[in-house]
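Chain and residue survey
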Amino acid sequence: MDVCTMTEPTLANAQPRMRYGALWLGLWFAGMAGAVQADAPKGMLESIHRHVTLTSSVTDNGDLNPYAVVVAPVSAGNIQKDDVLVDNFNDLSNLQGTGTTIIDYRPSTKQTTLFAKLPNKLAQCPGGVGLTTAMTMLKTGWIIVGSTPSTDGTTATKGDGCLIVLDPTGKMVAAWSGSTINDPWGDMAVIDNGNTATLFISMAGFGLPSPDVIDKATGFPVIIHKSTVLRLNIQIPDGKPPVLVNQTVIGDGFSARADRDNFLLGPTGLALGPDNTLYVTDGLDNLITSIPNAVSRTDSAGTGKVITQGGLLSWPLAMVYTPSGHLLVCNGKDGELVEVDPTAGKQIYSQWIDSDQAQSPPGNGDLFGIALTPDGQGFYYVEDDVNTLVLAK
């Protein structure tokens, strides 16, 4: 009878098995790491899953059509740190360019109050008051907001407007106007150093006629290429309102067009990168451009360099710069929010944040202002169709 004998493995024949085992284990870990990396979010939008309606922007006097969204950086006056300020572009008659109010939503109590109600007419503000997306609150507590006014809801009666300075109780203390300021329109990009600050604002009203002035070739109102991006340097003396020190046009030639439904179409979103590159949305040309050396340049970069165009963009409007270095861009025509990697010049993701079926396509004309939450993990935005402030997280 044959006897089968078992022998202990020697070091020589055990080493290959150990090597192969280690190799397979390494390959398994590498595969798992690759899977995790592949499943990891490419940006911020993929991590956003909840949208919570917080409050209405409609005030007691009937103002509506929310535009700007600003998160308070400090507590001052009637405002607490992390409060959310929202202004209205329309009055009770729903005429655009006639809204005069700003509401204050307090996340800690979920209460909404009227922060400011301005008069319809101001001697320092050509054309009157119609509050726009151009709004910010400084670390010193002052609020600066743009006015693009009209009396009939169209550009036929628009004024040049101004920038209005409010104290933290909502009282107007100053207004800035002049040849470089013509309908402050888009959301502001801001560098706030406390006793000094730099503001970047788009001016969309230069040469803009009534919406009845039609381009025969297109059948739409004529397009005017005179919109600018203005840099304003200001000083904030202790206990006194901000003082405008100087202004520089750092971008010009952007497209603008009168529009009965949207008042005007022009450059809207401004966001500043850490390398002092300013990004600008151009809705009519459906693109995002960049202006280099925005903080220090002494001349205009024209319309800048195109970063991305078309694709997921559909009339890009307000825009913010995320902690990861991406841009979140509100679409004006379809209710989507688009995430863009400006360094790579790539559109990486989109999310339909307003899918109101009453519009075609859904959400058309509903989005405008946007602001990051204080922790940078979510964002606030407004829905013009239902006059609400929404939190996405």
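Scroll up for the structure.
As a starting point, this report considers the structure included with it. All of these numbers come straight from a predicted model, not from anything done at the bench.

1. Considerations on the state of the cysteines
A covalent bond between the sulfur atoms of two cysteines is referred to as a disulfide. The final tally for this structure, using the stated rule, is one disulfide. Covalently, C125 is tied to C162 through a disulfide, its sulfur atoms 2.1 Å apart. Around the S-S axis, the bridge from C125 to C162 shows a dihedral of about -95° and counts as left-handed. One end of the pair, C125, is in the loop between strand 5 (111-117) and strand 6 (131-137); the other, C162, is in strand 8 (residues 162-166), and 37 residues separate them in sequence.

2. So, the pairing of strand 19 (residues 316-321)
With respect to burial, strand 19 is a largely interior element, five of its six residues being buried. As paired strands, strand 19 and strand 20 (residues 327-331) are joined by four bridges and run antiparallel to one another. Residue pairing across strands places V320 opposite L328, the latter belonging to strand 20. Linking strand 19 back to strand 20 in an antiparallel pair, the connection comprises five residues, with G325 at a positive phi of about 90°.

3. Structural notes on the nonpolar core
Nonpolar side chains tend to gather and get buried jointly when the protein is soluble and globular. One finds V69, V84, W185, Y380 and L389 to be the most contacted residues of the largest nonpolar core, which totals 25 residues. Those elements that provide at least two residues to this core are strand 2 (64-71), strand 3 (84-90), strand 4 (101-106), strand 14 (263-265), strand 23 (367-372), strand 24 (379-383) and strand 25 (388-392). With residues near it in sequence (within four places) discarded, V69 still touches V84, L85, G369, I370, A371, Y380, V382 and L389.

4. Looking at the pattern of salt bridges
Enumeration according to the criterion identifies seven salt bridges in this entry. The salt bridge partner of K81 is D82, with a shortest N-O separation of 3.3 Å. According to the relative accessible area criterion, K81 is partly exposed, its value standing at 47%. A relative accessible area of 26% means that D82 is categorised as partly exposed. Residue R106 pairs with D104 through a salt bridge whose shortest N-O separation is 3.9 Å.

5. Some words on the environment of R297
Following the sequence through the fold, R297 ends up in the loop between strand 17 (287-291) and strand 18 (305-309). For R297, a relative accessible area of 14% corresponds to the buried category. Sequence separation between R297 and I250 is 47 residues; the distance between their C-alpha atoms is 7.1 Å. Sequence-distant contacts of R297, defined by excluding residues within four places in its chain, comprise R231, T248, I250, I291 and P292.

6. Side note on the sheet that holds strand 24
Strand order in the open sheet formed by four strands is 1-25-24-23, and the pairing between neighbours is antiparallel. Two strands close off the open sheet at either side, each with one partner strand: strand 1 (51-56) and strand 23. Strand-to-strand twist in this sheet, taken as the mean axis angle between neighbours without regard to direction, amounts to 25°. As defined by bridge partners, strand 23 adjoins strand 24 across four bridges and the pair is classed as antiparallel.

7. Description of the packing of aromatic side chains
Taken as a whole and judged by the stated rule, the model has nine aromatic pairs. An angle of 85° between the planes, with centres 5.9 Å apart, marks the rings of Y67 and W185 as edge-to-face. Of this pair, Y67 sits in strand 2 while W185 is found in the loop between strand 9 (172-176) and strand 10 (189-192), placing the two residues 118 residues apart along the sequence. Here Y67 and W185 have matching classes, each one buried. Measuring from ring centre to ring centre gives 4.1 Å for Y67 and F368, while their planes differ by 10°; the resulting arrangement is stacked. Of the two residues, Y67 sits in strand 2 while F368 sits in strand 23, which places them 301 residues apart along the sequence.

Rules of the game
- Residues numbered from 1 in each chain as written.
- Predicted model: local features only at pLDDT ≥ 70, side-chain atom pairs only at ≥ 80, totals over all residues.
- Heavy atoms only, no water.
- Disulfide = S-S within 2.5 Å.
- Helix = DSSP H or I, 4+ residues; strand = E, 2+ residues; numbered from the N terminus.
- Buried < 20%, exposed > 50% of the residue type's maximum accessible area, 1.4 Å probe, protein only.
- Pairing = 2+ DSSP bridges.
- Core = buried A, V, L, I, M, F, W, Y, C linked by side-chain atoms within 4.5 Å.
- Contact = heavy atoms within 4.5 Å.
- Salt bridge = Lys/Arg side-chain N within 4 Å of Asp/Glu carboxyl O.
- Axes fitted to C-alpha atoms, helices over the stretch in contact; angles between N-to-C directions.
- Phe/Tyr/Trp six-rings, centres within 6.5 Å; stacked < 30°, edge-to-face > 60°.

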